[in-house]
Amino acid sequence: MNAYLLSLLVFSPLLGILMVALMPKNEERTIKQFGFFGTLPPLFLSFFLCSQHYSGVALSSFNIKLDWIRFGNLEMYDPKLFTVNFELGLDGLSLIFILLTTIISSLAAMASIYIKQGWKGYYLLFLILEIGMLGVFTAENLILFFIFFEMTLIPAFFLIGRWGFLEREKASYHFLIYNGIGSAILLVAILILFARTGTTNIAALTQMMTMGGVSLFAPISSSMKYGLCLAFVIAFAIKLPVFPFHSWMVRVHAEAPPAIVMIHAGVLLKIGAYGIIRFGMGIFPEQYKSLAFGIVLMGVISFLYGALLALVQTDFKLVLAYSSISHMGIVMMGLGALNEAGLQGAIFQVISHGLIAAMLFFLVGALTERSGTVMLPKLGGLAKSMPVFSGFMLACGLASLGLPGMSGFISEFMVFLGLFKSQPVLAAISVIGLVLTAVYILRAVMLMTFGKNDSLVEKEKLDLEGWEFIPALVLLGLILLIGVFPNLLGGPLQGTIEAMMLALGGR
Amino acid sequence: MDLNTMLSYNWGAMMPEFIILGTTMALSILDLFWPVHFNRRKLAWFALTGIILACLSLISLFSFETVSILSDTFRLDSFAKAFKLLLLIGAGLIILLAHSYEPKEGLREHRGEFYYLFLTALLGAMIMTSSGDLITLFVGLELLSLSSYILVGIRKRDRSANEASMKYVINGGISTAITLFGMSYLYGVTGSVNLGEMSRTMAAMTDGQLQYIMGLAFFMVFVGLSFKIAAAPFHMWAPDVYEGAPTPVAAFLSVISKMAGFVILLRIFLSLFLTAPGDAFGALDFLEKNNIYIASMAGLTIIIGNVVALRQQNLKRLFAYSSIAHAGYLLVAVATLGGGYFLLDTIWYYLLAYVLMNIGVFAVIQLLSSQSGSEDISVLAGLGRKSPYLALAFTIYILSLAGIPGTTGFIGKLNIFLGTFITEPGHFVLAGIMIAGTVVSYVYYFGLLVQIFFRPIHSDKVVKIRSGVSVVLIICAIGTVLFGLFPNIAFDFLHDQFGDFTDFISSE
């Protein structure tokens, strides 16, 4: 049973896909319900996995391995050579990401009520996207990882291009091409590893690259290892995205439907961080260490650059987009710190930003539904017409700028703790960013909630109502929970972080 | 040669060819004598039956050891079996397409010829796969070429068809002449036309002068055959010819004819140049030493195919350039020799993928263009809303052509990449060009999907799908996904039936 649980989890959205596919395309209500219910099986299964973990079942007992593809006919050398197995596995890190995925997917499915047309196609793609995301975090070999990775790309392309705002097609093209380049780099790196070692299993590769293994074919020279490590870092830096590679993500944030941005900012960008930890840091610890300075530098630049640009945006979605770049900069800083605090902080920041961004974009969606715009100059005085909404907005903004007691604080604190230890100069420079963050968030929230009210009619009942409280409360609750009990995340992560530190020769 | 030697040959080895030949003759006689008012469309089923029978007899031959008859001019080795299977599958699908082909002005009296010309062309391709001799190889090539010249121009009252046919004849004629010229040098150097004998003579050839001539021959044969596979810079004919030819013929040219081109290329290169020494010391074999030429042509083909496809508005021209790009990907595998481990697997699998996805695409083009009378990419607009299943099938083919995981196209490309990286030093530049080309191809492939899903409906006319085409669509879509998700079905089949193709490579 345990062995199949994981594949059941990954492919459980298929049930929803089947249900939605069988509905006639005009049944708006039923399709939306089925689409939402489709996200529940993975949600409950992930909770079940989590409870199993807390009750002491080893996560590795969920691993599954089936024969899948064998390239070439090289059995006479070694039957395992050039095989790709269908193997899914779980550790603390992936468990956390799985939970993030299932929770945000369910909430985003709920927020998809705002979608106005083409529901059937929308939910089908949405659920395929969820399979892709779940697969990415459980894949145990690089080929499988890549397949799931691309499986997120195609549905996202259509979701952005068909259901987005005015400039949606341009945004979806940018998304496709930038990510296409990223995955091209990734694919080349993966295949060089595969061709030269004959395996793509992450654990086997980690061992071969760190301990050195016997190669039947052409060896991987040490300079090639640097190249591969760099390729992984760049491919995932595009996904994350950090400074020079960010322009596609700004467009996507501005043009995609808010429910998809919840997924996009909440989970898809996080694949970048996951990839850097798993592949860059995990497979090539030696080489990664020497790239660390560059990684921190990229992080600092995007942290400050994103914050500065967020300061002057008039479209609230763009404020959030640049704020995402800025926050992903913090992740990079943590990843480059090369110590336990930094790494833990980076992972915390990933999760925390996932929750915060999802919540902010949920609120953006709710607001767009009511006012038709989120341009800051056109908004104002929402505190009067939508007090509850404004309250959530402010709370979420505070979490984003790192108010103690909320998840943003813990992660930023730990990243800086780690970074001051290893790169004090860069850390000192980047502290300016913290101030900027506070300024741009408070500016945006104030412009929206206070000031004159000239866009929305005061008397109308506009505040959040009914189901809309569920996503807002759940996300805020989680943000506070992590803020108050950070060890909820720290516990499962312990093993992974220790293993990484050991490989990095921890400090 | 007396009767007894004739009878002593194991003619069973040629069974598939005989069946195709018999069907062709029967079809031509039927076409001649049946009354004019009789609907020739039914002849397609007859042709299809012939192909299926040939396929079955081929499968029954799988268990045979390598047979060579007619003093080694006809060889039934694993290479021949594997590629004949692909040819027959492709031809069967294309006959189904041709059955439903309905141009605006009608095919009228030519419909019968249409079917048996397909079969003669197929026969030519099949003979090429199993010829052990330059003469039979060339005869097969000519049989294929001549039939396809007529097929391209079969709409004889259509101006563009005439133009296409003319261009194809002239270009094809030149390329054949060049190939033949190259072959004559090979004959001059070795004094034989039998591939096995030639290979033995060439293996011992360490004289620099002779090697120079060999290089000349290699170059000319390669150039001549590059026309056939439409590799840059000898690709110019392809877009014009595809545009003017009837859609099933365009599918035929881009699938069967291209596959036959690769077959003959591999036959000649692997049996002659792989064993020949590349320099006076014989340290490197000829193909390894000169693979830079194949590699640069592969790179050029990928770049030109993908970049020019970006600007195309006509569907057939677009897929002409796309098929040029795919020829480039296949040439990468030839240039790197699959890293030494993956060559024939890679090419066979990629061609299988290519058969399925490309015929599928041409089926959709045929459907839409015969409905609307236009081949502009705007005929795709709104297809997702109008006929979602057709749109889904088309999306599958396109994703496969673009090499997205979950489809055959991805596994095929992956195989090619493995071959480029496994050697030391790896062919990184070539792989880089290939991956860059793939990313560029996203732009135009996804541009088609944008038309289908994001644009308003082009015309309200319901797309009527004839049963023949729908079978093609379904087979291609299912095959593309099935072999993409479980490629081991194909790989295991290949390895179980044909092993490492040892009888092809070593015995010659």
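In this text, all values refer to a predicted model and were calculated from it rather than measured experimentally.

How each quantity is defined
Residues numbered from 1 in each chain as written. Chains lettered and ligands numbered in written order. Predicted model: local features only at pLDDT ≥ 70, side-chain atom pairs only at ≥ 80, totals over all residues. Heavy atoms only, no water. Helix = DSSP H or I, 4+ residues; strand = E, 2+ residues; numbered from the N terminus. Expected span 1.5 Å × (residues − 1). Buried < 20%, exposed > 50% of the residue type's maximum accessible area, 1.4 Å probe, protein only. Arc of directions from axis to C-beta. Contact = heavy atoms within 4.5 Å. Phe/Tyr/Trp six-rings, centres within 6.5 Å; stacked < 30°, edge-to-face > 60°. Lys NZ or Arg CZ within 6 Å of the ring centre and 35° of its normal. Core = buried A, V, L, I, M, F, W, Y, C linked by side-chain atoms within 4.5 Å. Domains from an automatic or database assignment. Buried area = accessible area lost by both parts, 1.4 Å probe. Salt bridge = Lys/Arg side-chain N within 4 Å of Asp/Glu carboxyl O. Polar contact = N/O pair within 3.5 Å; in protein donor to acceptor, adjacent residues only side chain to side chain. Pairing = 2+ DSSP bridges. Axes fitted to C-alpha atoms, helices over the stretch in contact; angles between N-to-C directions. Parallel < 35°, antiparallel > 145°, perpendicular 65-115°, else oblique. Left-handed = near helix turned anticlockwise from the far one by under 90°. Nonpolar A, V, L, I, M, F, W, Y, C, P; charged D, E, K, R; others polar. Patch = residues over 30% accessible without salt bridge, like charges linked within 9 Å, V, L, I, M, F, W, Y side chains within 5 Å. Areas by Shrake-Rupley, 256 points an atom, 1.4 Å probe, with all protein chains shown as cover.

Engineer: Describe helix α20 (residues 469-484) of chain A, listing the residues and the values that go with them.
Structural biologist: Residues and elements named next belong to chain A. For α20, with 16 residues, the first-to-last C-alpha span of 22 Å sits near the 22 Å given by 1.5 Å per residue. Listed as buried for α20 are Pro471, Ala472, Leu475, Leu476, Ile479, Ile482 and Gly483. The arc that holds every buried residue of α20, seen down its axis, measures 130°, which confines them to one face. Those residues of α20 that are buried are in contact with α5 (92-111), α15 (340-371), α17 (387-401), α18 (407-422) and α21 (487-504).

Engineer: Can you tell me about the packing of aromatic side chains, naming the residues and giving the values?
Structural biologist: Residues and elements named next belong to chain A. What the rule picks out here adds up to 61 aromatic pairs over all chains. Judged by centre distance (5.0 Å) and plane angle (85°), the rings of Phe137 and Tyr274 are edge-to-face. Residue Phe137 is found in helix α6 (residues 119-138), and its partner Tyr274 is found in helix α12 (residues 258-283); the two are separated by 137 residues along the sequence. Over the ring of Phe165 we find Lys317, and its NZ or CZ is 3.6 Å from the ring centre.

Engineer: Please set out the nonpolar core residue by residue, giving values where relevant.
Structural biologist: Counting residues in hydrophobic clusters, the biggest one holds 385 residues, and the most contacted among them are Phe71 of chain A together with Phe83, Ile268, Phe273 and Phe319 of chain B. Top contributing element to this core by residue count: helix α15 (residues 343-372) of chain B, with 20 residues. Shared between two domains, this core takes at least three residues from each, and those domains are domain 1 (13-177 + 230-272) and domain 2 (290-508) of chain B. Sequence-distant contacts of Phe319 of chain B, defined by excluding residues within four places in its chain, comprise Val361, Phe362, Ile365, Phe394, Ile398, Leu401, Tyr445 and Leu448 of chain B. By size, the runner-up hydrophobic cluster in this structure holds 12 residues, among which are Val296, Phe303, Leu304 and Phe416 of chain A.

Engineer: Describe the interface of chain B and chain A, listing the residues and the values that go with them.
Structural biologist: Across the contact, 40 residues belong to chain B and 39 residues belong to chain A. At the boundary of chain B with chain A, total buried surface from both sides reaches about 3500 Å², with 74% on carbon and sulfur atoms. If you look at where chain B meets chain A, you find two salt bridges. Taking the shortest distance from any N to any O, the salt bridge between Arg70 of chain A and Asp492 of chain B comes out at 4.0 Å. If you look at where chain B meets chain A, you find seven residue pairs in polar contact (both at pLDDT 80 or more).

Engineer: Describe in detail the domain arrangement of chain B, supporting the description with residues and values.
Structural biologist: All names here are of chain B. What the domain assignment lists for chain B is domain 1 (13-177 + 230-272) and domain 2 (290-508). One C-alpha centre belongs to domain 1, the other to domain 2, and the line joining them spans 21 Å. Contacts between the two partners involve 49 residues from domain 1, matched on the other side by 51 residues from domain 2. Counting each side, the surface lost to burial between domain 1 and domain 2 is near 4500 Å², with a carbon and sulfur contribution of 74%. For the interface between domain 1 and domain 2, the tally reads two salt bridges. Note that Asp240 is salt-bridged to Arg317, the shortest N-O span being 3.0 Å. Our count for the contact surface shared by domain 1 and domain 2 stands at 10 residue pairs in polar contact (both at pLDDT 80 or more). For the side of domain 1 that touches domain 2, the secondary structure elements donating two or more residues are α4 (78-100), α10 (237-244) and α11 (247-273).

Engineer: Tell me about the side chain of Gln349 of chain A, residues and numbers included.
Structural biologist: Residue and element names in this part refer to chain A. With respect to the helices and strands, the residue Gln349 is situated in helix α15. Note on Gln349: relative accessible area 1%, which makes it buried. Setting aside residues up to four positions removed in sequence, Gln349 forms contacts with His327, Ile330, Val331, Gly354, Gly408, Ser411 and Glu412.

Engineer: Tell me about the environment of Phe501 of chain B, residues and numbers included.
Structural biologist: Residue and element names in this part refer to chain B. Residue placement: Phe501 occurs in the loop between α21 (488-498) and α22 (502-505). In the structure, Phe501 is positioned 157 residues away from Leu344 in sequence and 7.8 Å away in space, judged by C-alpha atoms. Not counting residues up to four positions away in its chain, the partners in contact with Phe501 are Ser78, Phe79, Ala82, Leu344, Asp345 and Leu494.

Engineer: Go over the pairing of strand β2 (residues 83-88) of chain A, please, and point to the residues and values.
Structural biologist: All names here are of chain A. For β2, a buried count of six out of six residues is recorded, marking the element as mostly surrounded by other parts of the structure. The alternating pattern of β2 places Thr83, Asn85 and Glu87 and Val84, Phe86 and Leu88 on opposite faces, both of which are buried. Both strand β1 (residues 64-70) and β2 contribute to a ladder of five bridges, which runs antiparallel. If you follow Leu66 over to β2, its bridge partner there is Phe86.

Engineer: Residues and numbers for the packing of helix α9 (residues 208-229) of chain B against α11 of chain B, please.
Structural biologist: All names here are of chain B. In the contact formed by α9 and α11, the axes pass within 8 Å of each other and the chain directions differ by 165°. Classified by the angle their axes make, α9 and α11 are roughly antiparallel. The interaxial crossing formed by α9 with α11 has left-handed handedness. Contacts between α9 and α11 involve Met214, Phe218, Val221, Phe222, Leu225, Lys228 and Ile229 on the former and, on the latter, Ser257, Lys258, Gly261, Phe262, Ile264, Leu265, Ile268, Phe269 and Phe273. In terms of residue class, the contact of α9 with α11 is made up of 12 nonpolar, two polar and two charged.

Engineer: Can you tell me about the packing of helix α5 (residues 111-129) of chain B against helix α6 (residues 134-152) of chain B, naming the residues and giving the values?
Structural biologist: Residue and element names in this part refer to chain B. Running from N to C, α5 and α6 cross one another at 155°; their axes reach a closest spacing of 7 Å. As far as their axial angle goes, α6 and α5 are roughly antiparallel. Regarding α5 and α6, the two cross each other, and that crossing is left-handed. Within the contact between the two elements, α5 uses Phe114, Leu117, Phe118, Thr120, Ala121, Leu123, Gly124, Ala125, Ile127 and Met128 and α6 uses Thr136, Leu137, Gly140, Leu141, Leu143, Leu144, Ser147, Ile150 and Leu151. Across the contact of α5 with α6, the residue classes break down as 14 nonpolar, five polar and no charged.

Engineer: Pulling in residues and values, what's your account of a nonpolar patch on the surface?
Structural biologist: All names here are of chain B. Together, Ile474, Ile478, Leu482, Leu485, Phe486 and Ile489 make up an exposed nonpolar region whose accessible area comes to about 530 Å². In terms of residues, the nonpolar patch owes the most to one element, helix α20 (residues 467-485), which gives four residues. Among the structural elements, Ile489 can be located in helix α21.

Engineer: Account for the environment of Ile202 of chain A, naming residues and giving values.
Structural biologist: All names here are of chain A. Structurally, Ile202 is set in helix α9 (residues 202-211). Along the sequence, Ile202 and Glu140 sit 62 residues apart, while their C-alpha atoms lie 6.0 Å from each other. Those residues within four positions of Ile202 in sequence are excluded, and the remaining contacts are Ala139, Glu140, Asn141, Leu142 and Phe279.

Engineer: Before we move on, can you summarise the environment of Ile404 of chain B with the specific residues and values?
Structural biologist: Of note, Ile404 of chain B is situated in the loop between α17 (388-402) and α18 (408-422). When residues no more than four places from it in sequence are discounted, the contact partners of Ile404 of chain B are Glu150 and Ile154 of chain A together with Leu399, Phe410, Tyr442 and Phe446 of chain B.

Engineer: Quick one: what's the story with the pattern of salt bridges, residue by residue and with numbers?
Structural biologist: A side chain of one charge can pair with a side chain of the opposite charge when the charged atoms of the two come close. For the structure on display, the rule yields 15 salt bridges over all chains. Note that Arg278 of chain A is salt-bridged to Asp91 of chain A, the shortest N-O span being 2.2 Å. Of this pair, Arg278 of chain A sits in helix α12 while Asp91 of chain A sits in the loop between β2 and α5; the two residues are 187 residues apart in sequence, bridging distant segments of the chain. Arg278 of chain A sits in the buried class, given a relative accessible area of 10%. A residue is classified by how much of its surface remains accessible, and Asp91 of chain A, at 24% relative accessible area, is partly exposed. One connected set of salt bridges, linked through shared partners, spans Glu163, Lys167, Asp240, Glu243 and Arg317 of chain B.

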